Amino acid sequence: MTKQKNDENTVIPDANGIMEAVKRAKSKGPAPVHLWNPPFCGDIDMQIKRDGTWFYEGTPMGRPEMVKMFSSILRRDGDDYFLVTPVEKVGITVDDAPFVATDFEVTTQGPDQVITFTTHIGETTVAGPDAPIRVTFDDAGEPSPYVLVRTNLEALIDRKSFYRLVDIGETEGDWFGIRSNGAFFPIMPAADLE
């Protein structure tokens, strides 16, 4: 892969260069990207599709280890997504959410139901006050449910998991929703269920 140049003729790192920087800086788990403030080096041709598939220069990334590595240095600032290392920051395109929650497990802790989601890259998150569930609806009324995975980074909850969530949902006041880890997350007005 060759390095690209932006309008100012500055070299933009390619995927291999970013991957090498990650290997040098990486410890176990997601990198502390919130602590890094490197200069912006431009955008690279990397995209995360709505189904969680990562593409580089129009080609799907077939190696799960590479996707996990890149996802470990992903950061969202405002509405924009970046891959961040200690020395560089490059913009990428994310169609919807960068992760997809493909399964969940329900356990109990004392009186509380606890829902732990697993993403398509094997990362887990426990829905609760620090990792809320939210649902948006498009113009046709189709739901898009999300759960927070890391700071400003959400996972789209896949359809089968969302249907399973609805099966364990409950009504609280005027709302139907999901309870996890001591928090209630409204999905829709309870009157809409009738």
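Up top is the structure these notes are about.
On a predicted model such as this, the values are computed, not experimentally measured, just so you know.

S.K.: Quick rundown of the environment of Ser71? Include the residues and the values.
M.R.: Within the secondary structure layout, Ser71 lies in helix 2 (residues 64-71). In this structure the C-alpha to C-alpha distance between Ser71 and Phe99, which are 28 residues apart in sequence, comes to 8.7 Å. Beyond its immediate stretch of four places on either side in the chain, Ser71 contacts Trp54, Phe99, Ile121 and Arg150.

S.K.: Mind laying out the pattern of salt bridges, listing which residues take part and the relevant values?
M.R.: Under the defined criterion, the tally for this structure stands at twelve salt bridges. A salt bridge links Asp96 to Arg50; the shortest N-O distance between them is 2.8 Å. A residue pair is termed long-range when its members are at least 10 positions apart, and Asp96 in the loop between strand 8 (89-94) and strand 9 (99-109) and Arg50 in the loop between strand 3 (40-48) and strand 4 (54-56) qualify at 46 residues. Accessibility expressed as a relative area gives 42% for Arg50, which makes it partly exposed. Between Arg76 and Asp79 there is a salt bridge, with its nearest N and O atoms 3.5 Å apart. Take Arg76: its relative accessible area is 23%, and that puts it in the partly exposed class. Salt bridges sharing partners connect three or more residues here, namely Arg75, Asp77 and Lys89.

Reading the values: rules and limits
- Residues numbered from 1 in each chain as written.
- Predicted model: local features only at pLDDT ≥ 70, side-chain atom pairs only at ≥ 80, totals over all residues.
- Heavy atoms only, no water.
- Helix = DSSP H or I, 4+ residues; strand = E, 2+ residues; numbered from the N terminus.
- Contact = heavy atoms within 4.5 Å.
- Salt bridge = Lys/Arg side-chain N within 4 Å of Asp/Glu carboxyl O.
- Buried < 20%, exposed > 50% of the residue type's maximum accessible area, 1.4 Å probe, protein only.

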